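Residues per chain are reported as follows:
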Amino acid sequence: MKYRAAFTKFCLGVSAIAVAVPAAPAFAQAAGENPAADNGIGDIVVTAQRRAQKLDDVPLSVSVFQAEDLAKQGVTRINDIGFQVPNLVFEQAGVIRNQRISIRGINADTRFPGAESAVGVVVDGVYLSGVGGLSFDLADIERIEVLRGPQGTLFGRNTTAGVINVVSRMPDNDFRGSVTGEIGNHDLYRLRGSVSGPLIKDKLFASLAMLHNERGGFDLNTATGDKINTLNTDAARLILRATPTEDFEATFIGDIIDDHYLPQEPESGVRDRRVTNSIYNAETSRRVYGGALTLQYAIPDSVTFKSISSYRRYRTNETNDNDGFALPVSLLSRQNRETSREFTQEIQIVSPEGQRVSWLLGGFMLDQSLKFDGEYHVNMDGFLDTLVRPSFASGPLAGLLPLFGGQTPSLRQALTTPVPGLLGGPAGSCYAPAPACRPDDFGNPLWIYKTKSYAIYGQVTAPLADRLEMTIGARVSIDDRKFSYDNPNLVGWPFTPPSPFRTIFLDAFATDRSNSSAAFTPSLSLNYKFGNGANAYATVSRGYKSPTFFGNILGNADNNANGENDYLEFLEVGKETLWSYEAGVRGPVGRGGRFSLAAYYVDFNGLQTAAELANPLTGTRFQFLGNADARYYGVEAELTYPVTSGVKVGGSFGYNNSRFTDYPGCTVAVGQTINCKGSKPVYSPKWTANARLDVDQPVGGGLALLANAEWAYRSSQFFSTWNRDVAPGVPVYSEKGFS
């Protein structure tokens, strides 16, 4: 049995702006570049290899988005580019901290504490570690670069799938200012503004960007009748840039993001993600803030030294109904709080420009502390009202109700009064964690992760022939991680609570673990330039993802009946390594068009991916993280072409074939262990495609008419590793293709 949902994305937009902005290829041209006079294509400059280079010199699959084009197409959040890049998928499971980014079907289950994304997000040279800060709105940026394939040599940890590199627009001597307002259906309101210019000419510059993004809900809470999946975001970013001399530059960037919204939560027993039946609306908030200081000193006719220091914090809060029943009251609610503090320091030494041999050396350090605590609150009044009191109001126990006064408070008092020897407990013990014994917030699991990561890396590019270059790179990474778990509210219970409370909240225990790992990730590339702006390349690289600890309450203490606590049995997750092989070609087509084509093969060992505990008797399943061997291969293509002046068409497609080559224990149930060999990894659609039409026509008076239409398609994908029913009553979770 497969439960899937169909979706079609077709967008049409029309707007007018005060100043006409020339169009540029959506995946090719960087901001601020002048097209060449002969064919409309200028040099495309990117920093995909941590230094400014022409795109033709980069032996990677890179999609480049210019900020002006993103604005014309209505892209306001980094998530929106997922429909415009082949084999790139943004998937949000409920709350915003559960942002899963997938490139070429390679992703990580980021719903649980300690899990880290397989796609690195880098903003102005700063690596963002915590998953809670990976999704954000866009304002006053220069470009976005999407690097597909492992980037372990230059970008380092947890970039096995690729990197999204965001570059802000730096202030200079030119004064710029803009204000943009938008309204739309679903109560959409957007307001963005920015100002930039010199404070001291040629010496000190500043820019300030602010935005407000508010939207009503797409989805419906069938229990309350309220719209959910809302959005309310405020953000600001300040940039100060100083150039006291020609050789020295200092840049400080500070930013803050505040989110408040009602998330999308699937309905119990229904596979339609557009509805939920929680008795109350889950509420989620997030605050992300930080600062980065970049210092750069260029010795004349020699090397350039660069230092990037950053400090970031975020905090997420979410509340949800956790009882799993469509009841008029919430019997069990949970409040999750995640806080992350991360400090990074990176040092680079870059070779002089214009030399035949170019090189880069660097060192990186990360110090992160992440804490996740989930408070469980039991509505004892609701529990007694809904599940216990009706038994006394009718049936064989009806005559006993007057003994309890006929009211819930008296019934509650009777059931929670200490009784000698009740349910095997010592004298004076209680039936359940209620106010007579413990507070209603009787479960408070706490996970703490402390991570330190160190790396040194280098890369050299040298000519082998007139048009042929070779690039060799390598990185050595060392990761140390400490993990601790505790559940303070379970410590000190008068006796071990009976089922189901013991199995839901685990036995009262605390554990401390640690691990260390090291990896060597080399890369080798060949790049051939045809001389007309086109190039062909081939790359071999190794990727690495550090081991971790799975932080989640699984729901059953020993679901597979092997005598070992599930939480401890599946706590440790091994490291992930891969070899990636890729070849591609890119270049101009016609007058002003550009194309790219790439093919790849990826061989994984120890892929960190979802696994399941399944109980055919109860129909329940609980996910954790495991390690699998897998292979991925596919093809990607992109094209943009100006049909006439002011009219441009573009599109992309991606084909991705992914399979587990060995995954013993991917699904564990009572009496059986399943090997998922041959199954598809989760969130790994075979096909993605996109087509768009952009119009930018002057209408006089300094105004321009902007219009765009877009179609996107994504084929079916699975949400469970087994890809089929585990047993009757334990169905597979999947999603149909949508466009």
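Description of the structure in this document. What you are looking at is a predicted structure, and each value in this text was computed from that prediction instead of being measured. (Residues numbered from 1 in each chain as written. Predicted model: local features only at pLDDT ≥ 70, side-chain atom pairs only at ≥ 80, totals over all residues. Heavy atoms only, no water.)

**A word on the pattern of salt bridges**
- If you walk through the whole model with that rule in mind, you get 19 salt bridges.
- Across the salt bridge formed by Arg176 and Asp172, the nearest N and O atoms sit 3.4 Å from each other.
- Note on Arg176: relative accessible area 24%, which makes it partly exposed.
- What makes Asp172 partly exposed here is its relative accessible area of 25%.
- With a closest N to O distance of 3.1 Å, Glu249 and Arg241 form a salt bridge.
- Judged by relative accessible area, which is 25%, Glu249 ranks as partly exposed.
- Sharing partners across several salt bridges, the network here consists of Arg104, Arg148, Glu582, Glu636 and Glu638. (Salt bridge = Lys/Arg side-chain N within 4 Å of Asp/Glu carboxyl O. Buried < 20%, exposed > 50% of the residue type's maximum accessible area, 1.4 Å probe, protein only.)

**Focus on the packing of aromatic side chains**
- By the definition in use, this model includes eleven aromatic pairs.
- Relative to Tyr633, the ring of Tyr601 has its centre 6.4 Å away and its plane inclined at 10 degrees; by these criteria the two rings are stacked. Here the residue Tyr601 occupies a position in strand S32 (residues 593-615), and Tyr633 occupies one in strand S33 (residues 620-644), the gap between them amounting to 32 residues.
- Relative accessible area serves as the criterion here: at 35%, Tyr601 is assigned to the partly exposed category.
- For Tyr633, a relative accessible area of 32% corresponds to the partly exposed category.
- Measuring from ring centre to ring centre gives 6.4 Å for Trp711 and Tyr713, while their planes differ by 5 degrees; the resulting arrangement is stacked.
- Feature note: the residues Phe372, Trp447 and Tyr485 constitute an aromatic cluster, connected by ring pairs.
- The positively charged end of Arg104 is found above the aromatic ring belonging to Tyr600, 4.1 Å away from the centroid. (Phe/Tyr/Trp six-rings, centres within 6.5 Å; stacked < 30°, edge-to-face > 60°. Helix = DSSP H or I, 4+ residues; strand = E, 2+ residues; numbered from the N terminus. Lys NZ or Arg CZ within 6 Å of the ring centre and 35° of its normal.)

**Looking at empty space enclosed by the protein**
- Following the criterion strictly, the structure yields 15 cavities of 30 Å³ or more and no others.
- Counted as a void, the second largest cavity has a volume near 210 Å³.
- Every residue lining the second largest cavity is counted, 20 residues in all, and those nearest its centre are Leu60, Pro150, Gln151, Ser523 and Thr539.
- Looking at the lining of the second largest cavity residue by residue, the classes come out as five nonpolar, 13 polar and two charged. (1 Å grid on protein atoms, 1.4 Å probe; cavity = no way out; pocket = protein on both sides within 12 Å on 5 of 7 lines; lining within 4 Å. Points joined across faces, edges and corners; volume = space filled by probe spheres on them. Nonpolar A, V, L, I, M, F, W, Y, C, P; charged D, E, K, R; others polar.)

**Topic: the environment of Ser715**
- Looking at where Ser715 falls in the secondary structure, it is placed in the loop between strand S38 (703-714) and strand S39 (717-718).
- The sequence separation of Ser715 and Trp687 amounts to 28 residues, and the corresponding C-alpha distance is 5.2 Å.
- Reaching out from Ser715, the side chain makes a polar contact with the backbone nitrogen of Trp687 at a distance of 2.8 Å. (Polar contact = N/O pair within 3.5 Å; in protein donor to acceptor, adjacent residues only side chain to side chain.)

**A word on the sheet that holds strand S9 (residues 126-128)**
- Pairing is mixed across the open sheet formed by five strands, whose spatial order is S5-S10-S11-S8-S9. Unpaired on one side and paired on the other, strand S5 (61-66) and S9 mark the two borders of the sheet. The average undirected angle you get between the axes of adjacent strands in this sheet is 20 degrees.
- Of the strand pairs in this sheet, S5 and strand S10 (residues 141-148) are connected by six bridges, and their pairing is antiparallel. Within S10, the position partnered with Phe65 by the bridge is Ile144. (Pairing = 2+ DSSP bridges. Axes fitted to C-alpha atoms, helices over the stretch in contact; angles between N-to-C directions.)

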